[in-house]
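Analysis of the macromolecular model
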Amino acid sequence: MLRVTLGALALALPLAASAAPENYTLDPYHTYAHFAVDHLGVSLMWGRFDKSSGKFMLDRAAKKGALEINIETASLTTGDIDKGSRPRSRDEHLKGADFFNVAEFPRMSFKASDVRFDGEKPIEVAGELTLLGATKPLALKIERWVCKDHPFSKKPMCGGNASGAIKRSEFGMKYGLPAVGDDIRLYVEFEGYKE
Amino acid sequence: MYELLSSLQELLRNPIVQSSVLPLVAGLVCAAVLYPLRLEGLGAAAGFLVAVVAIGNFAFEPLTVTRKIVVLGAGAAIFGALFDLAVKPTRFTGPALGAIFGAAALWVFASVLVQKTPLEVATLGAGVVALTAWLVTATVSLHYNSARSGAAGLGLGLGAGVSAVLGASALIGQYGMALAAACGGFLILLMALGPRVSAGISLTLTASVLAALLSAGAVLLAQLHWSSLAALALVPVIVRLPLPETPLWTRPVLASVYALLAAGGACALAWLAPRGWTF
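Below: a short report on this structure.

Thresholds, definitions, all that
Residues numbered from 1 in each chain as written. Chains lettered and ligands numbered in written order. Predicted model: local features only at pLDDT ≥ 70, side-chain atom pairs only at ≥ 80, totals over all residues. Helix = DSSP H or I, 4+ residues; strand = E, 2+ residues; numbered from the N terminus. Rg over C-alpha atoms; globule rule 2.2 N^0.38 Å. Buried ≥ 20, exposed ≤ 12 C-beta atoms within 10 Å, placed from the backbone. Contact = placed C-beta atoms within 7 Å. Core = buried A, V, L, I, M, F, W, Y, C linked by C-beta atoms within 7 Å. Expected span 1.5 Å × (residues − 1). Bend = angle between axes of the 7 residues up to and from the residue.

Scanning chain A from terminus to terminus reveals 2 helices and 11 strands. The linear arrangement of helices and strands in chain A, starting from the amino end, is α-β-β-β-β-β-β-α-β-β-β-β-β. The globule rule puts the C-alpha radius of gyration for 195 residues at 16 Å, and the 21 Å found for chain A is more than 25% above it. The principal-axis extents of the C-alpha atoms in chain A amount to approximately 85 × 35 × 30 Å. Of all 195 residues assigned to chain A, the portion counted as buried reaches 28%. Looking at chain A alone, contacts between residues at least 24 apart form 51% of all its contacts between residues at least 6 apart.

This is how it looks when you write it as C-alpha coordinates:
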(Lines give C-alpha, C1' and ligand atoms only; values in the text may rest on other atoms or scores of the structure.)
Protein backbone atom coordinates (compact mmCIF):
# COMPACT_ATOMS: atom_id res chain seq x y z
CA MET A 1 0.00 0.00 0.00
CA LEU A 2 2.85 2.36 0.94
CA ARG A 3 4.56 1.57 -2.34
CA VAL A 4 1.38 2.48 -4.29
CA THR A 5 0.99 5.77 -2.42
CA LEU A 6 4.62 6.75 -2.98
CA GLY A 7 4.27 5.83 -6.65
CA ALA A 8 1.17 8.00 -7.01
CA LEU A 9 2.91 10.88 -5.27
CA ALA A 10 5.93 10.56 -7.53
CA LEU A 11 3.65 10.68 -10.58
CA ALA A 12 1.76 13.72 -9.26
CA LEU A 13 4.86 15.76 -8.37
CA PRO A 14 5.59 17.16 -11.85
CA LEU A 15 1.93 18.21 -12.20
CA ALA A 16 1.98 19.95 -8.81
CA ALA A 17 5.16 21.75 -9.80
CA SER A 18 3.71 23.05 -13.08
CA ALA A 19 0.55 24.23 -11.27
CA ALA A 20 2.50 26.23 -8.70
CA PRO A 21 2.59 30.03 -8.94
CA GLU A 22 5.41 31.22 -11.19
CA ASN A 23 7.28 34.42 -10.40
CA TYR A 24 8.89 36.53 -13.10
CA THR A 25 11.18 39.55 -12.87
CA LEU A 26 10.72 42.18 -15.57
CA ASP A 27 13.72 42.70 -17.83
CA PRO A 28 14.41 46.47 -17.72
CA TYR A 29 16.06 46.34 -21.13
CA HIS A 30 12.94 44.94 -22.77
CA THR A 31 10.24 46.59 -20.68
CA TYR A 32 9.14 50.09 -21.64
CA ALA A 33 6.02 52.16 -21.11
CA HIS A 34 4.93 54.50 -23.88
CA PHE A 35 2.22 57.12 -23.93
CA ALA A 36 0.36 58.92 -26.68
CA VAL A 37 -1.49 62.22 -26.31
CA ASP A 38 -3.41 64.45 -28.68
CA HIS A 39 -1.66 67.76 -29.47
CA LEU A 40 -3.89 70.68 -30.50
CA GLY A 41 -6.32 68.22 -32.04
CA VAL A 42 -3.83 67.79 -34.88
CA SER A 43 -1.40 64.99 -34.19
CA LEU A 44 -0.87 62.18 -31.73
CA MET A 45 2.43 62.78 -29.89
CA TRP A 46 4.36 59.85 -28.43
CA GLY A 47 6.62 59.61 -25.42
CA ARG A 48 8.47 56.86 -23.63
CA PHE A 49 9.79 56.11 -20.14
CA ASP A 50 13.25 54.58 -20.49
CA LYS A 51 13.57 53.09 -17.00
CA SER A 52 11.23 50.72 -15.26
CA SER A 53 11.32 47.69 -12.99
CA GLY A 54 8.88 45.19 -11.62
CA LYS A 55 7.70 41.63 -11.37
CA PHE A 56 4.69 39.48 -12.06
CA MET A 57 3.26 36.23 -10.77
CA LEU A 58 1.19 33.70 -12.69
CA ASP A 59 -0.80 30.77 -11.38
CA ARG A 60 -2.28 29.31 -14.53
CA ALA A 61 -4.06 26.45 -12.75
CA ALA A 62 -5.79 28.76 -10.28
CA LYS A 63 -6.27 31.41 -13.02
CA LYS A 64 -4.66 34.00 -10.80
CA GLY A 65 -1.88 36.50 -11.24
CA ALA A 66 -0.35 39.72 -9.99
CA LEU A 67 1.73 42.48 -11.52
CA GLU A 68 3.79 45.32 -10.10
CA ILE A 69 5.63 47.76 -12.32
CA ASN A 70 7.48 50.89 -11.22
CA ILE A 71 8.29 53.52 -13.82
CA GLU A 72 10.85 56.26 -13.28
CA THR A 73 9.15 59.38 -14.56
CA ALA A 74 12.44 61.29 -14.87
CA SER A 75 13.41 58.84 -17.63
CA LEU A 76 10.72 60.31 -19.88
CA THR A 77 11.69 61.21 -23.42
CA THR A 78 9.74 62.50 -26.40
CA GLY A 79 12.79 63.14 -28.55
CA ASP A 80 12.89 66.90 -27.86
CA ILE A 81 15.78 67.42 -25.44
CA ASP A 82 17.58 70.49 -26.81
CA LYS A 83 15.94 73.79 -25.85
CA GLY A 84 17.87 75.67 -28.52
CA SER A 85 16.61 79.26 -28.63
CA ARG A 86 13.41 78.36 -26.73
CA PRO A 87 12.98 78.79 -22.97
CA ARG A 88 12.73 75.02 -22.58
CA SER A 89 12.63 71.75 -24.50
CA ARG A 90 9.45 69.70 -24.48
CA ASP A 91 11.09 67.02 -22.32
CA GLU A 92 12.17 69.63 -19.75
CA HIS A 93 8.64 70.98 -19.65
CA LEU A 94 7.07 67.52 -19.35
CA LYS A 95 9.38 66.68 -16.43
CA GLY A 96 8.52 69.92 -14.61
CA ALA A 97 5.73 70.85 -12.22
CA ASP A 98 3.24 71.40 -15.05
CA PHE A 99 3.12 67.74 -16.04
CA PHE A 100 4.99 64.80 -14.44
CA ASN A 101 6.61 66.85 -11.64
CA VAL A 102 9.50 64.38 -11.43
CA ALA A 103 11.31 66.19 -8.61
CA GLU A 104 8.37 65.59 -6.30
CA PHE A 105 7.03 62.36 -7.81
CA PRO A 106 9.99 60.51 -9.36
CA ARG A 107 8.02 57.28 -9.77
CA MET A 108 4.67 56.07 -10.96
CA SER A 109 3.52 52.56 -10.24
CA PHE A 110 0.92 50.09 -11.40
CA LYS A 111 -0.12 47.33 -9.02
CA ALA A 112 -2.63 44.73 -10.09
CA SER A 113 -3.91 41.44 -8.75
CA ASP A 114 -7.02 40.98 -10.87
CA VAL A 115 -6.03 39.00 -13.98
CA ARG A 116 -8.50 37.63 -16.53
CA PHE A 117 -7.52 34.54 -18.50
CA ASP A 118 -8.51 33.05 -21.81
CA GLY A 119 -7.45 29.45 -21.33
CA GLU A 120 -3.87 29.62 -20.11
CA LYS A 121 -3.25 33.11 -21.48
CA PRO A 122 -3.80 36.23 -19.40
CA ILE A 123 -5.80 38.73 -21.48
CA GLU A 124 -6.43 41.60 -19.09
CA VAL A 125 -4.92 42.85 -15.87
CA ALA A 126 -6.82 45.32 -13.69
CA GLY A 127 -5.31 47.27 -10.83
CA GLU A 128 -4.41 50.74 -9.66
CA LEU A 129 -2.10 53.31 -11.18
CA THR A 130 -0.42 55.76 -8.81
CA LEU A 131 0.73 58.94 -10.53
CA LEU A 132 1.42 62.36 -8.99
CA GLY A 133 0.31 61.06 -5.60
CA ALA A 134 -3.15 60.07 -6.86
CA THR A 135 -4.26 56.44 -7.20
CA LYS A 136 -6.91 55.48 -9.77
CA PRO A 137 -8.10 52.23 -11.36
CA LEU A 138 -6.49 51.13 -14.61
CA ALA A 139 -7.05 48.04 -16.74
CA LEU A 140 -4.41 46.94 -19.22
CA LYS A 141 -5.52 44.74 -22.10
CA ILE A 142 -2.87 42.17 -22.95
CA GLU A 143 -2.79 42.15 -26.72
CA ARG A 144 0.10 39.76 -27.17
CA TRP A 145 1.34 37.09 -24.77
CA VAL A 146 4.12 34.58 -25.40
CA CYS A 147 5.94 32.20 -23.05
CA LYS A 148 9.03 30.32 -24.20
CA ASP A 149 12.62 29.65 -23.34
CA HIS A 150 15.12 32.34 -24.26
CA PRO A 151 16.77 31.11 -27.49
CA PHE A 152 20.31 31.59 -26.15
CA SER A 153 20.25 31.43 -22.35
CA LYS A 154 17.39 28.90 -22.34
CA LYS A 155 15.85 30.72 -19.38
CA PRO A 156 12.05 30.46 -19.24
CA MET A 157 10.50 33.82 -20.11
CA CYS A 158 7.08 35.38 -20.73
CA GLY A 159 6.24 38.72 -22.27
CA GLY A 160 4.12 40.64 -24.68
CA ASN A 161 2.33 43.92 -25.21
CA ALA A 162 -0.43 45.58 -23.21
CA SER A 163 -2.35 48.82 -23.51
CA GLY A 164 -4.79 50.94 -21.53
CA ALA A 165 -6.07 54.48 -21.16
CA ILE A 166 -6.29 57.13 -18.45
CA LYS A 167 -7.49 60.69 -18.13
CA ARG A 168 -4.54 62.77 -16.92
CA SER A 169 -6.80 65.34 -15.27
CA GLU A 170 -7.96 62.64 -12.81
CA PHE A 171 -4.40 62.54 -11.51
CA GLY A 172 -4.21 66.32 -11.12
CA MET A 173 -2.22 66.82 -14.34
CA LYS A 174 -4.39 69.60 -15.71
CA TYR A 175 -1.92 71.96 -17.31
CA GLY A 176 -2.50 72.69 -20.99
CA LEU A 177 -6.02 71.25 -21.17
CA PRO A 178 -7.68 71.00 -23.63
CA ALA A 179 -4.94 71.97 -26.12
CA VAL A 180 -2.87 69.04 -24.90
CA GLY A 181 -5.36 66.19 -24.67
CA ASP A 182 -6.81 64.73 -21.50
CA ASP A 183 -7.03 61.16 -22.80
CA ILE A 184 -3.71 59.36 -22.56
CA ARG A 185 -3.15 56.03 -24.27
CA LEU A 186 -0.64 53.81 -22.50
CA TYR A 187 1.30 51.04 -24.22
CA VAL A 188 3.63 48.68 -22.38
CA GLU A 189 6.05 46.25 -23.96
CA PHE A 190 7.37 43.78 -21.41
CA GLU A 191 9.47 40.68 -20.97
CA GLY A 192 10.08 38.84 -17.72
CA TYR A 193 12.35 35.98 -16.73
CA LYS A 194 11.20 33.21 -14.43
CA GLU A 195 12.87 33.35 -11.01
CA MET B 1 -27.01 84.25 -24.41
CA TYR B 2 -25.49 80.79 -24.81
CA GLU B 3 -22.94 82.16 -27.28
CA LEU B 4 -22.01 84.94 -24.84
CA LEU B 5 -21.48 82.44 -22.01
CA SER B 6 -19.51 80.21 -24.32
CA SER B 7 -17.19 83.00 -25.44
CA LEU B 8 -16.81 84.12 -21.80
CA GLN B 9 -15.76 80.60 -20.84
CA GLU B 10 -13.35 80.55 -23.74
CA LEU B 11 -11.91 83.87 -22.54
CA LEU B 12 -11.47 82.56 -18.99
CA ARG B 13 -9.55 79.55 -20.33
CA ASN B 14 -6.98 81.85 -21.91
CA PRO B 15 -3.76 81.69 -19.79
CA ILE B 16 -3.04 85.39 -20.36
CA VAL B 17 -6.50 86.38 -19.10
CA GLN B 18 -6.16 83.97 -16.17
CA SER B 19 -2.85 85.39 -15.02
CA SER B 20 -3.17 89.08 -15.88
CA VAL B 21 -6.59 90.60 -16.57
CA LEU B 22 -8.55 88.52 -14.07
CA PRO B 23 -6.22 88.98 -11.05
CA LEU B 24 -5.73 92.67 -11.91
CA VAL B 25 -9.48 93.33 -11.87
CA ALA B 26 -10.05 91.09 -8.81
CA GLY B 27 -7.17 92.73 -6.95
CA LEU B 28 -8.42 96.23 -7.76
CA VAL B 29 -12.06 95.50 -6.89
CA CYS B 30 -11.18 93.68 -3.66
CA ALA B 31 -8.79 96.44 -2.58
CA ALA B 32 -11.46 99.08 -3.31
CA VAL B 33 -14.17 97.16 -1.43
CA LEU B 34 -11.94 96.53 1.61
CA TYR B 35 -10.50 100.05 1.62
CA PRO B 36 -13.02 101.37 4.18
CA LEU B 37 -11.99 98.52 6.50
CA ARG B 38 -8.28 99.34 6.10
CA LEU B 39 -7.73 95.88 4.60
CA GLU B 40 -7.07 96.95 1.01
CA GLY B 41 -3.77 95.05 1.10
CA LEU B 42 -5.82 91.86 0.80
CA GLY B 43 -6.33 92.75 -2.87
CA ALA B 44 -3.03 90.98 -3.63
CA ALA B 45 -4.24 87.69 -2.13
CA ALA B 46 -7.72 88.03 -3.66
CA GLY B 47 -6.38 88.55 -7.19
CA PHE B 48 -3.94 85.69 -6.79
CA LEU B 49 -6.58 83.28 -5.47
CA VAL B 50 -9.05 84.20 -8.23
CA ALA B 51 -6.34 83.29 -10.73
CA VAL B 52 -5.69 79.99 -8.93
CA VAL B 53 -9.39 79.12 -9.21
CA ALA B 54 -9.48 80.14 -12.90
CA ILE B 55 -6.36 78.12 -13.73
CA GLY B 56 -8.14 75.22 -12.06
CA ASN B 57 -5.24 73.14 -10.83
CA PHE B 58 -5.99 73.38 -7.12
CA ALA B 59 -7.18 70.62 -4.79
CA PHE B 60 -6.28 69.67 -1.23
CA GLU B 61 -5.67 66.03 -2.12
CA PRO B 62 -2.90 65.24 -2.86
CA LEU B 63 -1.32 68.31 -1.30
CA THR B 64 1.61 68.80 -3.68
CA VAL B 65 4.29 71.47 -3.39
CA THR B 66 2.52 73.92 -5.72
CA ARG B 67 -0.73 73.43 -3.80
CA LYS B 68 1.07 73.95 -0.47
CA ILE B 69 2.40 77.24 -1.88
CA VAL B 70 -1.19 78.37 -2.48
CA VAL B 71 -2.21 77.23 1.01
CA LEU B 72 0.68 79.05 2.69
CA GLY B 73 0.05 82.16 0.57
CA ALA B 74 -3.60 82.20 1.65
CA GLY B 75 -2.48 81.61 5.25
CA ALA B 76 -0.09 84.56 4.98
CA ALA B 77 -2.95 86.77 3.75
CA ILE B 78 -5.21 85.80 6.66
CA PHE B 79 -2.35 86.19 9.14
CA GLY B 80 -1.47 89.58 7.64
CA ALA B 81 -5.06 90.81 7.78
CA LEU B 82 -5.40 89.80 11.44
CA PHE B 83 -2.08 91.52 12.11
CA ASP B 84 -3.27 94.71 10.37
CA LEU B 85 -6.46 94.72 12.44
CA ALA B 86 -5.05 93.82 15.83
CA VAL B 87 -1.34 94.55 16.13
CA LYS B 88 0.79 97.64 15.67
CA PRO B 89 3.91 96.56 13.76
CA THR B 90 7.34 97.24 15.26
CA ARG B 91 10.80 96.96 13.72
CA PHE B 92 10.90 93.35 14.92
CA THR B 93 7.76 92.41 12.98
CA GLY B 94 9.55 91.78 9.67
CA PRO B 95 12.33 89.55 11.08
CA ALA B 96 9.85 87.64 13.27
CA LEU B 97 7.54 86.93 10.32
CA GLY B 98 10.59 86.11 8.19
CA ALA B 99 11.67 83.47 10.71
CA ILE B 100 8.15 81.99 10.96
CA PHE B 101 7.50 81.79 7.22
CA GLY B 102 11.10 80.74 6.50
CA ALA B 103 10.52 77.71 8.72
CA ALA B 104 7.12 77.11 7.11
CA ALA B 105 8.83 76.99 3.70
CA LEU B 106 10.50 73.73 4.80
CA TRP B 107 7.02 72.20 5.20
CA VAL B 108 6.17 73.28 1.65
CA PHE B 109 9.23 71.61 0.11
CA ALA B 110 9.54 68.65 2.50
CA SER B 111 8.32 66.09 -0.06
CA VAL B 112 11.06 67.15 -2.50
CA LEU B 113 13.83 67.57 0.07
CA VAL B 114 13.37 64.10 1.59
CA GLN B 115 14.37 62.59 -1.76
CA LYS B 116 17.71 64.41 -1.82
CA THR B 117 21.10 63.51 -0.35
CA PRO B 118 21.89 64.92 3.13
CA LEU B 119 24.19 67.53 1.59
CA GLU B 120 21.51 68.63 -0.88
CA VAL B 121 18.91 68.73 1.90
CA ALA B 122 21.20 70.99 3.92
CA THR B 123 22.08 73.37 1.07
CA LEU B 124 18.68 73.49 -0.64
CA GLY B 125 16.79 73.61 2.67
CA ALA B 126 19.00 76.43 3.96
CA GLY B 127 18.59 78.26 0.64
CA VAL B 128 14.80 78.03 0.69
CA VAL B 129 14.63 79.18 4.33
CA ALA B 130 17.10 82.03 3.73
CA LEU B 131 15.30 83.28 0.60
CA THR B 132 11.87 83.21 2.24
CA ALA B 133 13.12 84.76 5.49
CA TRP B 134 14.94 87.51 3.59
CA LEU B 135 12.12 88.41 1.21
CA VAL B 136 9.54 88.44 4.04
CA THR B 137 11.78 90.49 6.35
CA ALA B 138 12.76 93.02 3.69
CA THR B 139 9.29 93.38 2.14
CA VAL B 140 7.26 93.47 5.36
CA SER B 141 9.50 96.28 6.63
CA LEU B 142 8.11 98.37 3.72
CA HIS B 143 4.53 98.03 5.03
CA TYR B 144 4.26 101.68 6.07
CA ASN B 145 4.93 102.87 2.49
CA SER B 146 2.21 101.75 0.09
CA ALA B 147 3.97 102.83 -3.11
CA ARG B 148 7.13 100.90 -2.28
CA SER B 149 5.11 97.91 -0.93
CA GLY B 150 2.86 97.63 -3.98
CA ALA B 151 5.80 98.07 -6.33
CA ALA B 152 7.76 95.37 -4.48
CA GLY B 153 4.79 93.02 -4.85
CA LEU B 154 4.58 93.83 -8.56
CA GLY B 155 8.30 93.27 -9.11
CA LEU B 156 8.45 90.12 -6.99
CA GLY B 157 5.46 88.58 -8.75
CA LEU B 158 6.64 89.46 -12.23
CA GLY B 159 10.23 88.40 -11.54
CA ALA B 160 9.13 85.08 -10.03
CA GLY B 161 6.54 84.50 -12.75
CA VAL B 162 8.50 85.28 -15.90
CA SER B 163 11.66 83.58 -14.65
CA ALA B 164 9.60 80.48 -13.77
CA VAL B 165 8.29 80.35 -17.35
CA LEU B 166 11.88 80.60 -18.59
CA GLY B 167 12.80 77.90 -16.06
CA ALA B 168 10.28 75.46 -17.56
CA SER B 169 7.20 75.84 -15.40
CA ALA B 170 4.27 77.64 -16.96
CA LEU B 171 1.98 76.90 -13.99
CA ILE B 172 4.33 78.52 -11.45
CA GLY B 173 4.85 81.29 -14.00
CA GLN B 174 1.12 81.93 -14.22
CA TYR B 175 0.87 82.04 -10.42
CA GLY B 176 3.71 84.57 -10.21
CA MET B 177 2.29 86.80 -12.94
CA ALA B 178 -1.13 86.64 -11.25
CA LEU B 179 0.48 87.91 -8.04
CA ALA B 180 2.08 90.75 -9.99
CA ALA B 181 -1.23 91.65 -11.66
CA ALA B 182 -3.07 91.62 -8.33
CA CYS B 183 -0.46 93.97 -6.85
CA GLY B 184 -0.91 96.08 -9.99
CA GLY B 185 -4.61 96.38 -9.08
CA PHE B 186 -3.61 97.64 -5.65
CA LEU B 187 -1.23 100.18 -7.23
CA ILE B 188 -4.03 101.50 -9.48
CA LEU B 189 -6.16 102.12 -6.37
CA LEU B 190 -3.19 103.82 -4.74
CA MET B 191 -2.73 106.13 -7.74
CA ALA B 192 -6.45 106.91 -7.73
CA LEU B 193 -6.92 107.57 -4.01
CA GLY B 194 -3.47 108.66 -2.87
CA PRO B 195 -1.37 107.79 0.18
CA ARG B 196 -4.37 107.01 2.42
CA VAL B 197 -4.37 103.61 0.75
CA SER B 198 -2.41 101.23 2.96
CA ALA B 199 -0.61 98.06 1.89
CA GLY B 200 -0.07 96.91 5.45
CA ILE B 201 1.22 93.51 6.49
CA SER B 202 -1.51 91.77 4.49
CA LEU B 203 -0.04 92.80 1.11
CA THR B 204 3.65 92.74 1.99
CA LEU B 205 3.51 89.36 3.75
CA THR B 206 1.37 87.69 1.05
CA ALA B 207 3.47 89.00 -1.83
CA SER B 208 6.81 88.12 -0.26
CA VAL B 209 5.78 84.64 0.91
CA LEU B 210 4.27 83.76 -2.47
CA ALA B 211 7.17 85.17 -4.51
CA ALA B 212 9.77 83.37 -2.38
CA LEU B 213 7.96 80.02 -2.56
CA LEU B 214 7.11 80.27 -6.25
CA SER B 215 10.65 81.13 -7.29
CA ALA B 216 12.14 78.46 -4.98
CA GLY B 217 9.59 76.05 -6.46
CA ALA B 218 10.75 76.90 -9.96
CA VAL B 219 14.31 75.98 -8.90
CA LEU B 220 13.36 72.74 -7.15
CA LEU B 221 10.54 71.51 -9.39
CA ALA B 222 11.67 72.93 -12.73
CA GLN B 223 14.99 74.23 -14.03
CA LEU B 224 15.26 77.83 -12.88
CA HIS B 225 18.89 78.74 -12.13
CA TRP B 226 19.51 79.80 -8.51
CA SER B 227 21.23 83.04 -9.61
CA SER B 228 17.82 84.33 -10.68
CA LEU B 229 16.74 84.21 -7.02
CA ALA B 230 19.68 86.41 -6.04
CA ALA B 231 18.44 89.14 -8.40
CA LEU B 232 14.87 88.70 -7.17
CA ALA B 233 16.07 89.21 -3.60
CA LEU B 234 17.11 92.75 -4.59
CA VAL B 235 13.52 93.82 -5.37
CA PRO B 236 12.59 94.92 -1.80
CA VAL B 237 15.95 96.74 -1.59
CA ILE B 238 15.84 98.62 -4.88
CA VAL B 239 12.35 100.03 -4.23
CA ARG B 240 13.89 102.01 -1.33
CA LEU B 241 15.64 104.31 -3.83
CA PRO B 242 14.51 107.96 -3.58
CA LEU B 243 11.03 108.88 -4.87
CA PRO B 244 9.73 112.37 -5.69
CA GLU B 245 7.24 113.89 -3.22
CA THR B 246 4.92 115.19 -5.97
CA PRO B 247 2.98 114.56 -8.09
CA LEU B 248 1.67 111.65 -6.01
CA TRP B 249 1.00 109.30 -8.92
CA THR B 250 4.69 109.31 -9.85
CA ARG B 251 5.68 107.58 -6.59
CA PRO B 252 4.10 104.16 -7.35
CA VAL B 253 5.12 104.46 -11.01
CA LEU B 254 8.79 105.17 -10.27
CA ALA B 255 8.91 102.60 -7.45
CA SER B 256 7.51 100.05 -9.94
CA VAL B 257 10.22 100.97 -12.45
CA TYR B 258 12.86 100.32 -9.77
CA ALA B 259 11.22 96.98 -8.89
CA LEU B 260 10.98 95.95 -12.52
CA LEU B 261 14.71 96.60 -13.00
CA ALA B 262 15.55 93.96 -10.39
CA ALA B 263 12.78 91.68 -11.70
CA GLY B 264 14.20 92.10 -15.22
CA GLY B 265 17.60 91.08 -13.87
CA ALA B 266 16.05 87.92 -12.42
CA CYS B 267 14.44 87.12 -15.77
CA ALA B 268 17.66 87.83 -17.68
CA LEU B 269 19.59 85.45 -15.42
CA ALA B 270 16.86 82.81 -15.80
CA TRP B 271 17.42 82.97 -19.54
CA LEU B 272 21.20 83.41 -19.64
CA ALA B 273 22.43 81.22 -16.77
CA PRO B 274 21.44 77.84 -18.31
CA ARG B 275 23.25 78.97 -21.46
CA GLY B 276 26.52 79.51 -19.58
CA TRP B 277 26.29 83.24 -18.81
CA THR B 278 26.62 83.19 -15.04
CA PHE B 279 28.43 85.73 -12.97
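Still to come is the rest of the account.
Turning next to the nonpolar core. Within the largest apolar cluster, 132 residues are counted, with the highest numbers of intra-cluster contacts made by B:Leu179 and B:Ala259. Dropping the residues within four chain positions of it, B:Leu179 is found in contact with B:Ala44, B:Phe48, B:Gly153, B:Gly157, B:Ala207, B:Leu210 and B:Ala211.

The end-to-end C-alpha distance of helix H7 (residues 146–166) of chain B is 30 Å, a good match for the 30 Å that 21 residues give at a rise of 1.5 Å each. Just downstream of H7(B) lies B:Ala168, where phi reads positive at about 85°.

This part is about helix H5 (residues 93–113) of chain B. Residue and element names in this part refer to chain B. Given a rise of 1.5 Å per residue, 21 residues ought to cover 30 Å, and the 29 Å separating the end C-alpha atoms of H5 matches this to within 8%. The largest bend in H5 comes to about 35°, at Trp-107. Residues Gly-94, Leu-97, Gly-98, Phe-101, Gly-102, Ala-105, Val-108, Phe-109 and Val-112 constitute the buried set of H5. Summarising the contacts, the buried residues of H5 are in contact with helix H4 (65–86), helix H6 (118–140) and helix H9 (200–221).

Keep in mind these values describe shape, not function.
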